[in-house]
Amino acid sequence: MSAASDKFDYIAGFLRPKSITTPLIRVGAFGDGGYLVPNDFEGIAACYSPGISRQSTFELDLAKHGIPSFMADASIDGPAIDIPGGCFIKKFVGPEDNEDRLSIASWVAQTDTAPNADLLLQMDIEGDEYATIAAIPTDLLKRFRIIVLELHRLPSVLCKEPFFNRAKAAIDKMLPLFETVHLHTNNASGTVDVNGVDIPRVVEVTLLRKDRATVSGPVTQLPHPLDCKHKAGQPDIPVPAAWLG
């Protein structure tokens, strides 16, 4: 896949959200650190949350739903707020294990208390998400009922072959298993003009495993009423028209 139009179509096909019969609710703060997810938590044993930085309201709200969180971030000494049932490690998460990083597979293997139960993944790791997702074994990826991702460097993904290939490896792994059910642009990160289209540098995408998703049609209008700006006082960044149904 080399033509620019093919890359645009491929990325749009992944990002374009679908309406589902399960309602979306907001989990976490009304601002940075909060996300829209399907209200489908029963039976989820734990959340894995790499890259929490100073935002832990998502994990706090999940605890209110009875879902404990495993959190990881080498850039901090711990979550900014106490998370009931939470467990923190001071490590980055990446595609493989080394002195500073831990793979998702190793992390789950070390902490999993319910090997047959569904899980939730919320990931914001500043561009390492593509290689990290691609490295997750398929059998483990299938256990994540809900995935919330911050996708970074989208203009580079669309314009630079190495970035696109990294993103494609991750998307190819997710496409057969998940439906995209929500998309929100990060208004704090700006846009880049790519072939006359303002492409947001960062977006949040929410995925629901296909066996849990009853699709009722395409999403034709964003932002969602429950979406909130990352940066107050700045206008929202519109979702490119090609990313809507």
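Read on for a plain summary of the structure. Since we're looking at a predicted model, the values are computed, not measured.

With 49 residues, the main nonpolar core has Ile104 and Met174 as its most contacted residues. If you tally residues by element for this core, the top one is helix H1 (residues 4–15), at six residues. Those residues in contact with Ile104, other than ones at most four positions away along the chain, are Pro50, Val93, Gly94, Leu121, Met123, Thr132, Ile136, Leu140 and Phe144.

Attention now moves to the packing of aromatic side chains. Within this structure, the stated rule accounts for four aromatic pairs. Here Tyr35 and Phe58 contribute two aromatic rings whose centre-to-centre distance is 5.6 Å and whose plane-to-plane angle is 85°, an arrangement assigned as edge-to-face. Taken together, the residues span a long stretch of sequence, with Tyr35 in strand E3 (residues 35–38) and Phe58 in helix H2 (residues 57–64) at a distance of 23 residues. On the basis of an interplanar angle of 85° and a centroid distance of 5.2 Å, the ring pair of Tyr48 and Trp107 is categorised as edge-to-face.

We now examine the side chain of Arg145. Tracing the sequence through the fold places Arg145 in strand E10 (residues 144–151). The exposure class assigned to Arg145 is buried, which follows from its relative accessible area of 3%. Within the structure, the side chain of Arg145 is placed 2.9 Å from the backbone oxygen of Glu42, a separation counted as a polar contact. Excluding anything up to four places from it in sequence, Arg145 contacts Asp40, Phe41, Glu42, Gly43, Ile44, Asp118, Leu119, Phe178, Leu207, Leu208, Arg209 and Arg212.

Calculation rules
- Sequence positions are assigned chain by chain, starting from 1 and proceeding in written order.
- This being a predicted model, a pLDDT of at least 70 is required before a residue's local features are given, and a value of 80 or more before pairs of side-chain atoms are given or counted; all residues contribute to the totals for chains, interfaces and linings.
- Working from all heavy atoms in the structure, the side-chain values ignore hydrogens and water.
- Residues belong to one nonpolar core when they are buried, are Ala, Val, Leu, Ile, Met, Phe, Trp, Tyr or Cys, and are joined through side-chain atoms within 4.5 Å.
- Classification of residues uses two cut-offs on accessible area relative to the type maximum, computed with a 1.4 Å probe and protein chains only: under 20% is buried, over 50% is exposed, and between them is partly exposed.
- Helix and strand assignments come from DSSP, with helices taken as H or I runs of at least 4 residues and strands as E runs of at least 2, each series counted from the N terminus.
- Contacts are assigned to residue pairs with any non-hydrogen atoms lying within 4.5 Å of each other.
- Ring pairs shown here join Phe, Tyr and Trp side chains whose ring centres sit within 6.5 Å, with only the six-membered ring taken for Trp; geometry is labelled stacked below 30 degrees between planes, edge-to-face above 60, and tilted in between.
- We define a polar contact as two N or O atoms separated by no more than 3.5 Å, with the added condition that, inside protein, one atom must be a possible hydrogen donor and the other a possible acceptor, whereas residues neighbouring each other in sequence contribute only through side-chain atom pairs.

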